[in-house]
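Coordinate analysis (summary)
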Number of protein chains: 2
Amino acid sequence: MLKLGIMGYGNLAKGVECAIKQNPDCELKAVFTRRDPEQVKVRTEGVPVVSVDNICDYKDEIDVLVICGGSATDLPKQTPELAKYFNVIDSFDTHATIPEHFAKVDAVAKENGHIAMISCGWDPGMFSLMRLYGNCVLPEGKDYTFWGKGVSQGHSDAIRRVEGVKNGKQYTIPVPEALEAVRNGEDPELTTRQKHTRECFVVAKEGADLKKIENDIKTMPNYFADYDTTVHFISEEEFNANHAGIPHGGFVLRSGVTGWDKENKHIIEYSLKLDSNPEFTSSVLVAYARAINRLHNEGVNGCKTVFDIAPAYLSPLSDEELRAHLL
Amino acid sequence: MLKLGIMGYGNLAKGVECAIKQNPDCELKAVFTRRDPEQVKVRTEGVPVVSVDNICDYKDEIDVLVICGGSATDLPKQTPELAKYFNVIDSFDTHATIPEHFAKVDAVAKENGHIAMISCGWDPGMFSLMRLYGNCVLPEGKDYTFWGKGVSQGHSDAIRRVEGVKNGKQYTIPVPEALEAVRNGEDPELTTRQKHTRECFVVAKEGADLKKIENDIKTMPNYFADYDTTVHFISEEEFNANHAGIPHGGFVLRSGVTGWDKENKHIIEYSLKLDSNPEFTSSVLVAYARAINRLHNEGVNGCKTVFDIAPAYLSPLSDEELRAHLL
């Protein structure tokens, strides 16, 4: 049995708890929290909720600790700190600072004889794998990544900070014509505006100036100004009924050429359509937790990403079974 | 430089030659043939064509030998035989006998301190990877593989063996409604007939009985009887103008659920649209030749498949570059 711990108990952690239930070779040993453990109720029977202050008591009881914090402030501290005591895995997704995060985590993990995986999930994660495989098998070509249709947490937060907004949710949507042009092998050069549109569903406070809210959203720099943005005002009831979920997804495409005179075109497309962004990410985390535990048992230490792990390590099946049934 | 040799000089081998030209870290050292070497003319300047009888002379000059034979009779003999002298890679694609081929090649490779990769390409190959990743990240779900639209060599050969047929080509086509049902998360149970249709373009011999040809094709057991098959009779000119290529492709889908009560649905889809089946396969072979050469330099021996190789090994980029640009 693979003994797992979960650090944190937000949406991602709850997804990990569900994923552990779906994987018969996995067992949840404890959930660690910065809150008062008495106030946190987990769903798996018999699993203790433990204050993070006492996490070191569990250092010999857990094979891999799944760290479910945010990338902005939690993970840059938690992952290197906890890699002192545990094999760890996180879903750090600030692409620009991955090299820095990697270096810090790698040093601590190696010093303490642990394995630590960072940036695991779907982007970074499965999408990164597709970019890498695509680039290697079609070295002359172009990469495209589209996100959506799905909820962007950052953009939804930005809407909710606008004056007069009670609640809001933002969907990122790939532009169908852009996607079609890539699929057709046209290799378009696409601007930010040509790749994605943004659709906002807003519950306004009573008496708020709707025109002003709409304008404040559409002209917000970085978040919305560079996109074609639509704003819908809806009632709280409609919001709760139709926009409670956290769906997401997207597309990774590689368009490339082969042949003596580059006369043949090839399109590789990978797409995800996810009802629950955090639960899918969690499922990827648990599969890779299995993988790094095996690698650690083989004597491997240090920081790893999806690029460093042979696919067979993710599966509970033997190499013989994999070759017979999935190859 | 990665020094490569090619065994054989058919369509796949010609594709490997093109792929080597596209990968600046790769160099073609020699092409080996069972034919009279004087009769084989390769495209890369300065590359010798050598009789397979003298292949052992090259055993210290080649890092990886790419074996481009057929799966029916060539590879089951050639791959184990040549793994005595070289690191080798093949595209063995008879799914049912992969375990047997693996065992034979593994024994020879280990005995001689070589690495040998089998069943590399797109199916088996990239499609196998997608099935494995899909099963690991969504352990509760269903797998679907569709092939096409593309030319099936085996079915085209079968058509050409029918009495009265001068030339013929067969396209395998996924049924759009079946694909749509899977994408919609309906998890359909699909019969052979519901998954693919077969479209045949036939040039008949002068005076041949067209009705009989059509009937002979449509009722052919194993090949066509279980499918909705269409037969088009065309002129030799039209055949040469519109059906000279070897396009192929297909779709791998994984449909799965997550959540405490399995309430959330996820669809993973991978697709290939290939102008040239052999050239795409060749490009995958060259990327994995790079990978196994590196593994061999690290001391790894024995038989490997796509499941055993960490993605980073395929790329000419460093781990740092990969993390900075593709993760």
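Just so it is clear, the structure is predicted and the values come from calculations on it, not from any experiment. (Residues numbered from 1 in each chain as written. Chains lettered and ligands numbered in written order. Predicted model: local features only at pLDDT ≥ 70, side-chain atom pairs only at ≥ 80, totals over all residues. Heavy atoms only, no water.)

1. Regarding the pairing of strand E1 (residues 2-7) of chain B
Residues and elements named next belong to chain B. Under the convention used in this document: Throughout, exposure labels follow a simple rule: accessible area from a 1.4 Å probe, protein chains only, divided by the maximum for the residue type, with under 20% read as buried, over 50% as exposed, and the rest as partly exposed. Only DSSP runs of H or I with at least four residues qualify as helices, and only runs of E with at least two residues qualify as strands; both kinds are numbered from the N terminus onward. The pairing criterion is simple: DSSP has to find at least two bridges between the two strands. Whether a crossover is right-handed depends on one test, that the path from the first strand over the helix to the second runs clockwise when the strands point away from the viewer.
In terms of burial, E1 is largely enclosed, as five of its six residues are buried. Pairing geometry for E1 and strand E2 (residues 26-33), over six bridges, is parallel. Each bridged residue has a counterpart across the sheet, and for lysine 3 the counterpart in E2 is glutamate 27. One crossover worth recording links E1 to the parallel E2 by way of helix H1 (residues 11-22), and it is right-handed.

2. Quick word on the packing of aromatic side chains
In plain terms, the rule: The pairing test for Phe, Tyr and Trp rings, Trp by its six-membered ring, is centres within 6.5 Å, and the orientation test on the planes gives stacked under 30 degrees, edge-to-face over 60, and tilted for anything in between. Our definition puts a charge over a ring when NZ of Lys or CZ of Arg is within 6 Å of the ring centre and also within 35 degrees of the ring normal.
Scanning the model with the defined rule gives nine aromatic pairs over all chains in all. Pairing Tyr171(A) with Phe201(A) gives two aromatic rings, centres 5.7 Å apart and planes at 85°, and the pair type is edge-to-face. Of the two residues, Tyr171(A) sits in strand E9 (residues 165-174) while Phe201(A) sits in strand E10 (residues 196-204), which places them 30 residues apart along the sequence. Each member of the pair, Tyr171(A) together with Phe201(A), is buried. Grouping aromatic residues by their ring pairs yields a cluster made of Trp122(A), Phe127(A) and Tyr270(A). Of note, Lys149(B) hangs over the ring of Tyr171(B), and the distance from its end group to the ring centre comes to 5.1 Å.

3. Remarks on the confidence of the model for chain A
The condition that has to hold: Per-residue confidence from the predictor is reported as pLDDT, a score between 0 and 100.
This prediction gives chain A a mean pLDDT of 97; 100% of its residues lie at or above 70. Listed scores for the predicted complex are pTM 0.97 and ipTM 0.97.

4. Some details on the interface of chain B and chain A
The cut-off we apply is this: Note on contacts: a residue pair qualifies if any of its non-hydrogen atoms lie within 4.5 Å across the two residues. Two parts placed together each lose some accessible area under a 1.4 Å probe, and the buried area is that loss summed for both. The definition of a polar contact used here is a pair of N or O atoms within 3.5 Å, where within protein one atom must be able to donate a hydrogen and the other to accept one, and adjacent residues in sequence count solely through side-chain atom pairs.
Facing the 69 residues of chain B at the interface are 69 residues of chain A. Of the roughly 6,300 Å² buried between chain B and chain A on both sides combined, carbon and sulfur atoms contribute 63%. Here chain B is connected to chain A by 29 residue pairs in polar contact (both at pLDDT 80 or more). For the side of chain B that touches chain A, the element with the highest residue contribution is strand E13 (residues 264-274) of chain B, accounting for 11 residues.

5. Description of the nonpolar core
Proteins that are soluble and globular tend to have nonpolar side chains buried together. Applied cut-off: Residues belong to a common nonpolar core when they are buried Ala, Val, Leu, Ile, Met, Phe, Trp, Tyr or Cys residues joined through side-chain atoms within 4.5 Å.
In this structure, Leu65(A), Tyr270(A), Tyr288(A), Leu65(B), Tyr270(B) and Tyr288(B) are the most contacted members of the largest nonpolar core, which totals 157 residues. Here Tyr270(B) is in contact with Met130(A), Ile268(A), Glu269(A), Tyr270(A), Met126(B), Phe127(B), Met130(B), Gly250(B), Phe251(B) and Val252(B), once residues within four sequence places are set aside.

6. Notes on the packing of helix H4 (residues 126-137) of chain A against helix H4 (residues 126-137) of chain B
As a reminder, the rule being used: Lines fitted to C-alpha atoms define the axes here, with helix axes fitted over just the stretch in contact, and angles between the N-to-C directions of these axes take values from 0 to 180 degrees. Roughly parallel covers angles under 35 degrees, roughly antiparallel covers those over 145, roughly perpendicular covers 65 to 115, and oblique covers all other angles. In this classification, Asp, Glu, Lys and Arg are treated as charged, Ala, Val, Leu, Ile, Met, Phe, Trp, Tyr, Cys and Pro as nonpolar, and every other residue, Gly included, as polar.
Two elements in contact, H4(A) and H4(B), have axes whose closest approach is 13 Å; the angle formed by their N-to-C orientations is 170°. Compared by their axis directions, H4(A) and H4(B) come out roughly antiparallel. Facing Met126(A), Leu129(A), Met130(A), Tyr133(A) and Val137(A) of H4(A), the residues of H4(B) in contact are Met126(B), Leu129(B), Met130(B), Tyr133(B) and Val137(B). Residues that form the contact of H4(A) with H4(B) fall into these classes: 10 nonpolar, no polar and no charged.

7. A look at the relation of the copies chain B and chain A
We count it as follows: Residues below a pLDDT of 70 in either copy are left out; the C-alpha atoms of the rest, at least 70 in both, set the least-squares superposition of the copies.
Placing chain B over chain A gives an RMSD of 0.0 Å and needs a rotation angle of 180°, together with 0.0 Å of translation along the axis. Read as a symmetry element, the transformation amounts to a two-fold axis. When C-alpha positions in chain B are compared against the rotation axis, the closest is assigned to Ala310(B), at 1.9 Å. Interface overlap between copies: 100% of the residues of chain B at the interface are likewise at the interface in chain A, consistent with a symmetric, same-surface contact.

8. Section: the pairing of strand E4 (residues 64-67) of chain A
Residue and element names in this part refer to chain A. Here E4 shows no split at all, with Val64 and Val66 on one side and Leu65 and Ile67 on the other all buried. Pairing geometry for strand E1 (residues 2-7) and E4, over four bridges, is parallel. In the sheet register, isoleucine 6 faces E4, and the bridge partner there is valine 66. Inspection of the sheet shows E4 paired to strand E5 (residues 88-89) by two bridges, in the parallel sense.

9. A few points about the packing of H1(B) against helix H10 (residues 277-297) of chain B
Residue and element names in this part refer to chain B. Heads up, the rule is: Left-handed describes a crossing in which the near helix is turned anticlockwise from the far one by less than a right angle; the clockwise case is right-handed.
At their nearest, the axes of H1 and H10 sit 8 Å apart, and the two run at 55° to each other. Between H1 and H10, the angle falls in the class oblique. Between H1 and H10 lies a crossing of right-handed hand. Here H1 contributes Asn11, Leu12, Gly15, Val16, Ala19 and Ile20 to the contact with H10, which in turn contributes Pro278, Glu279, Thr281, Ser282, Ser283, Leu285 and Val286.

10. Notes on the sheet that holds strand E8 (residues 150-151) of chain A
Residue and element names in this part refer to chain A. An order of E8-E9-E10-E11 is seen for the four strands of this open sheet, with the pairing classed as mixed. If you trace the sheet from one side to the other, it starts and ends with E8 and strand E11 (228-233), each paired once. Pairing of E10 with E11 involves six bridges; the strand directions are parallel. By the bridge assignment, cysteine 200 is partnered in E11 with valine 231. Running over the sheet, helix H5 (residues 153-160) touches E8, E9 and E10 and is turned about 145° from E9.

11. Some words on the sheet that holds strand E11 (residues 228-233) of chain B
All names here are of chain B. Sheet architecture is open: four strands sit in the order E8-E9-E10-E11, paired in mixed fashion. Every other strand in the sheet has two partners, leaving strand E8 (150-151) and E11 as the edge strands with one partner each. Across nine bridges, strand E9 (residues 165-174) lies against strand E10 (residues 196-204) in antiparallel orientation. Across the sheet, the residue bridging to threonine 172 is arginine 198, located in E10. Contacts between helix H5 (residues 153-160) and the sheet are confined to E8, E9 and E10, with E9 contributing the most and set at about 145° to the helix.

12. Details of the environment of Phe201(B)
Residue and element names in this part refer to chain B. Look at phenylalanine 201 and you get buried, because its relative accessible area is 12%. Separated by 80 residues in the primary sequence, phenylalanine 201 and threonine 281 have C-alpha atoms spaced 25 Å apart. Not counting chain neighbours up to four residues away, the residues in contact with phenylalanine 201 comprise Asn167, Gly168, Lys169, Tyr171, His232, Ile234, Phe239 and His243.

13. Describing the pattern of salt bridges
We count it as follows: Salt bridge, as used here: a side-chain nitrogen of Lys or Arg that lies within 4 Å of a carboxyl oxygen of Asp or Glu.
The final tally for this structure, using the stated rule, is 36 salt bridges over all chains. Between Lys262(B) and Glu140(B) there is a salt bridge, with the nearest N and O atoms lying 2.7 Å from each other. Note that Lys262(B) is positioned in the loop between strand E12 (248-258) and E13 and Glu140(B) in the loop between H4 and strand E7 (141-147), a separation of 122 residues in sequence. Classification of Lys262(B) as partly exposed rests on a relative accessible area of 45%. Between Asp216(B) and Lys212(B) there is a salt bridge whose closest N-O contact spans 2.9 Å. Of this pair, Asp216(B) and Lys212(B) both sit in helix H8 (residues 210-218), separated by four residues, roughly a single helical turn. A relative accessible area of 25% places Asp216(B) in the partly exposed class. Residue classification places Lys212(B) among the partly exposed residues on the basis of a relative accessible area of 41%. Shared partners join several salt bridges into a network, and the residues in it are Glu180(A), Arg183(A) and Glu269(A).

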